[in-house]
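Chain and residue survey
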Amino acid sequence: MATTLAPDPADRTKDVSQPLGELSADETLKWNSDYLRGTIDLGLLDRISGSVALDDTRLLKVHGMYQQDDRDVRDERRRQKLEPDYRFMIRVRLPGGSCTPEQWLKLDRLARQHGGDSIRITTRQTFQFHWVVKGEVRAMIQGLHEALLDTVAACGDVNRGVMSSSDPDDSALHAEIAAISAGISDEFIPKTRAYHEIWYGDQKVAQSEPIEPFYGRTYLPRKFKIGFVVPPSNDIDVYTQDLGFIAIAGPSGLEGFNVTVGGGMGRTDNDPTTYPRLGDVIGYVPKSEASATAEAVMGIQRDYGNRVERNHARFKYTVDSKGLDWIKREVETRLGHRLEPARPFHFISNGDRIGWRQADTRLFNCTLFIPSGRVTNSGTQQWLDGMRAIARVHRGRFRFTPNQNMIIADVAPEDRPEIERLLDAHGLGEDHVKSAIRLNSIACVALPTCGLAMAEAERYLPDLLTKIEAILDQHGLLREPITIRISGCPNGCSRPYVAEIALTGRAPGKYNFYLGGGFHGERLNHMVLENVGEPAILALLGKLIARYAAERIEGERLGNFVTRTGFSLAAS
Ligand code: SRM
Ligand code: SF4
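Residues numbered from 1 in each chain as written. Chains lettered and ligands numbered in written order. Predicted model: local features only at pLDDT ≥ 70, side-chain atom pairs only at ≥ 80, totals over all residues. Heavy atoms only, no water.

1. Focus on the sheet that holds strand β9 (residues 226–229)
Condition: Paired strands are those between which DSSP finds at least two bridges. Elements are defined by DSSP. Helices are runs of H or I of four residues or more, strands are runs of E of two residues or more, and each kind is numbered from the N terminus. Whether two residues are in contact is decided by their heavy atoms, any of which lying within 4.5 Å being enough. Convention adopted: a line fitted to C-alpha atoms gives each axis, helices being fitted over their contacting stretch, and angles between N-to-C directions are expressed from 0 to 180 degrees.
Across the sheet, 5 strands lie side by side as β8-β9-β10-β11-β12; this open sheet has mixed pairing. The sheet terminates laterally at β8 (163–164) and β12 (280–286), the two strands that pair on one side only. Note that β9 and strand β10 (residues 243–250) share 4 bridges and pair parallel. From the neighbouring strand, F228 faces β10, where its bridge partner is F245. Lying over the sheet, helix α12 (residues 324–335) contacts β11 (253–261) and β12, oriented at roughly 15 degrees with respect to β12.

Next up, the structure:
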């Protein structure tokens, strides 16, 4: 329900952007939250329930955490008249997508103490803890603080963690871009002291200067995502970002960026007015203007984004309602000059190159394939113990990739044998990966923690892949890289709508099935089967893979084959 708020003249002197007129319930909540404080501190003290007040659950997102409950036991607890088994998901802000071994050891300790022995690498190069009970959230945040980490703005209606290509082969270029992306991440975090007061116990002090000079009192209409990519790898899926920067390098290094606007994946189930959209390239800016460009584009979204209908509040809808030309002109006005024409670039894939490689520094990098980014101990794969053992001897860094994988980075040649020994000892060598499709797979978290999941994703993908691998094996295609992504609902946290094969959950065991995305994230796929189970999906894939093996042009990717032959249209 939309609400009309009277302007607050006192507040207008503090902030640059003020909401006037009709606002959605979330906007009203932010307006009234005293800059994200709400009653969170009181809710944490309440020992009767494992939850906090509904409004506070929304504000908590900007503090980097979600109230969830264990959905595996939800029905049983309801039957026993118990409240849901409330837990909190805590998402760390990790500018530049990397941490030191010392930080990892601290994260490992926190996961074992409060987080169900699990660290979950996300599709945006950071990690989440699940299973944290309310009484331990503050200890978790303070523990992260000791490791110089925080969760500010990891979720919520603000600029999120900025992504940056993680392949560190050309180390100087990647390091420069990681530093620019980390700088933008730091620059656009909320400036309110609410986080310090609630989680670190700082005293509230009166402020005479603007509390949120950029965001204002209602922050952004919706989450905003920025990513920096270094061709030829499109590992961050730049076209799915609200704002993307494509690095353009010359003989003497980084020169600037092509700018993309208006990407986004999320759809709302049964609402055809919501849709995934690929970003459009609008021009080129020199590297010195990356931050100003981010401010200009986010400022447009702050000032013109839809604050009445939350389903249409993402920047992609602002781009479509205002028109791309208008957006480009407005960016130019805010920058004070015309954008230069976009420069040529070329992508070849959006996956990670798994295994050991030597960088131009002579140091080694080892990219580990971590199924769905879940670092835990399970069966023969002792990821949590293995990474702890490696962190104890490693002298470089750890990097996290947008494909939920991890890079043991900057390994001195003399340290490599010991790290290889530890990987093998914990069942983490490369031989746990059976096929190229598995290496190019992503699943979102979904059940049992995600409150929005309609079907399984992370827990189902390994079995589904085993069945698809059997089909590929019959046709000699086990080594063929094919992108496959699964999300437990249409929100698309695994960026499924750019995959060659994709499933998005509709109901337990039922998925919408998509084919034909571009191998390096350059084209959206399209739905070929709606609300179907595994038998229908495998039957269609069986036909497709047989025809692909027999009829493809040399080097042709599966997604391109589908598009060229119109296979899915004929089959559906
Ligand atoms: Fe996401 C909401 C998990 C990347 C689109 N996402 C959620 C929540 C917080 C569910 C909720 O709102 O209650 C999920 C928590 C599950 C859990 O139990 O942990 C969740 N999203 C994730 C992660 C952990 C998936 C993963 O398996 O790695 C990713 C965390 C990234 C990070 O570190 O910040 C994650 N989410 C994405 C991406 C991919 C990306 O950003 O590159 C997308 C699609 C891109 C986009 O934003 O358009 C994405 N998540 C959504 C949406 C749909 C937004 C929309 O425009 O409609 C929601 C729902 C919402 O915001 O209302 C959502
Ligand atoms: Fe949850 Fe849906 Fe995102 Fe999967 S895609 S993590 S089910 S919100």
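2. Observations regarding the site of ligand 2
Basically, it comes down to this: Any residue with a heavy atom lying within 4 Å of a molecule or strand is counted as near it. Ten residues, namely Ala, Val, Leu, Ile, Met, Phe, Trp, Tyr, Cys and Pro, are considered nonpolar, four, namely Asp, Glu, Lys and Arg, are considered charged, and the remaining ones, Gly among them, are considered polar.
Every residue close to ligand 2 is listed here: C444, V445, A446, C450, L452, A453, S487, G488, C489, N491, G492 and C493. In terms of residue class, the shell around ligand 2 is built from 8 nonpolar, 4 polar and no charged.

3. Quick notes on the side chain of N350
Heads up, the rule is: Polar contacts, as counted here, are pairs of nitrogen or oxygen atoms within 3.5 Å of one another; within protein the pair requires one atom able to donate a hydrogen and one able to accept it, and residues that are adjacent in sequence qualify only if both atoms are side-chain atoms.
Inspection of the secondary structure assignment puts N350 in the loop between α12 and β13 (355–358). Engagement of the side chain of N350 in a polar contact is seen with the side chain of D237, the distance being 3.0 Å. With sequence-adjacent residues up to four places away left out, N350 is seen in contact with N234, D235, D237, N403, T483, R485, F519, H520 and G521.

4. A short note on the environment of C444
How we decide: A 1.4 Å probe rolled over the protein chains alone gives each residue an accessible area, and that area as a share of the maximum for its type sets the label: buried under 20%, exposed over 50%, partly exposed in between.
Mapped onto the fold, C444 is located in the loop between β20 (441–443) and α16 (461–474). Residue classification places C444 among the buried residues on the basis of a relative accessible area of 11%. Each C-alpha atom of the pair C444 and H475 lies 29 Å from the other, and the pair is 31 residues apart in sequence. When residues no more than four places from it in sequence are discounted, the contact partners of C444 are R120, A457, E458, I486, S487, G488, C493 and S494.

5. What about the site of ligand 1?
With respect to spatial proximity, 29 residues lie near ligand 1, and among them T122, M265, T449, C493 and R495 are the closest. One nitrogen or oxygen atom from the side chain of K223 is found 2.8 Å from an oxygen atom belonging to ligand 1. In the environment of ligand 1, an oxygen atom lies 3.3 Å from a nitrogen or oxygen atom belonging to the backbone of V445. For the shell around ligand 1, the elements supplying multiple residues, two or more each, are β3 (65–69), β4 (86–91) and β7 (127–132). In terms of residue class, the shell around ligand 1 is built from 9 nonpolar, 12 polar and 8 charged.

6. Side note on the environment of R124
Tracing the backbone through its elements, the reader meets R124 in the loop between β6 (119–121) and β7. Judged by its relative accessible area of 15%, R124 falls in the buried class. Put simply, R124 and S166 are 42 residues apart on the chain and 11 Å apart in space, counted from C-alpha to C-alpha. For R124, the contacting residues outside a window of four places in its chain are G161, M163, K225, I226 and Q241. Here Q241 takes part through its side chain, which lies 3.1 Å from a polar atom of the side chain of R124.

7. Notes on unusual backbone geometry
For the bond running from P231 to P232, omega is 15 degrees, close enough to zero to count as cis. Mapping P232 onto the fold places it in the loop between β9 and β10. With an omega dihedral of 10 degrees, the bond running from L447 to P448 counts as a cis peptide bond. Relative to the helices and strands, P448 is located in the loop between β20 and α16. Even without being a glycine, A446 presents a positive backbone phi close to 55 degrees. Following the sequence through the fold, A446 ends up in the loop between β20 and α16. Accessibility expressed as a relative area gives 3% for A446, which makes it buried.

8. Some remarks on the packing of aromatic side chains
The relative placement of two aromatic rings is captured by the distance of their centres and the angle of their planes. Quick note on the threshold: Note on aromatic contacts: the rings of Phe and Tyr and the six-membered ring of Trp form a pair at centre separations within 6.5 Å, being stacked when their planes are under 30 degrees apart, edge-to-face when over 60 apart, and tilted otherwise.
Taken as a whole, this structure holds 20 aromatic pairs when the rule is applied. On the basis of an interplanar angle of 50 degrees and a centroid distance of 5.6 Å, the ring pair of F224 and F315 is categorised as tilted. Of this pair, F224 sits in the loop between α9 (194–200) and β9 while F315 sits in helix α11 (residues 315–322), and the two are 91 residues apart along the sequence. The same class applies to F224 as to F315, namely buried. With centroids separated by 6.1 Å and ring planes inclined at 85 degrees, the aromatic side chains of Y239 and F347 adopt a geometry described as edge-to-face. In this pair, Y239 sits in the loop between β9 and β10 while F347 sits in the loop between α12 and β13, placing the two residues 108 residues apart along the sequence.

9. Comments concerning the side chain of K316
So the rule is basically this: As used throughout, the charge tally considers Lys and Arg to be positive and Asp and Glu to be negative, leaving His and the chain termini uncounted. By salt bridge we mean one thing: a side-chain nitrogen of Lys or Arg within 4 Å of a carboxyl oxygen of Asp or Glu.
Its place among the elements puts K316 in helix α11. The charged side chain of K316 is buried without a salt bridge, its nearest counter-charge being D242 at 7.6 Å. In this structure the side chain of K316 is engaged in a polar contact, spanning 2.7 Å, whose partner is the backbone oxygen of Y275.

10. Overview of the sheet that holds β4
Pairing in this open sheet of 5 strands is antiparallel, and the strands run β3-β4-β7-β6-β15 from one edge to the other. For this open sheet the edge positions go to β3 and β15 (374–375), each flanked by a neighbour on one side alone. Strand direction decides the pairing type here: β4 and β7, joined by 3 bridges, are antiparallel. Each residue of the ladder has a partner; that of F88, found in β7, is V132. The strands touched by helix α6 (residues 101–114) within the sheet are β6, β7 and β15, with β7 carrying the most contacts at an inclination of about 20 degrees.

11. Describing the pairing of strand β14 (residues 364–368)
Most of β14 is tucked away, with 5 of its 5 residues classed as buried. Side chains F364, C366 and L368 project from β14 onto one buried face, and the interleaved N365 and T367 project onto a second face that is buried too. Across 4 bridges, the pairing between β13 and β14 is antiparallel. Residue pairing for β14: W356 is matched across the bridge by C366. The hairpin turn running from β13 into β14, its antiparallel successor, is 5 residues long, and R362 in that turn takes a positive phi close to 80 degrees. Bridging between β14 and strand β19 (residues 406–411) involves 4 bridges; their strand directions are antiparallel. Following the sheet pairing, T367 is matched in β19 by I407.

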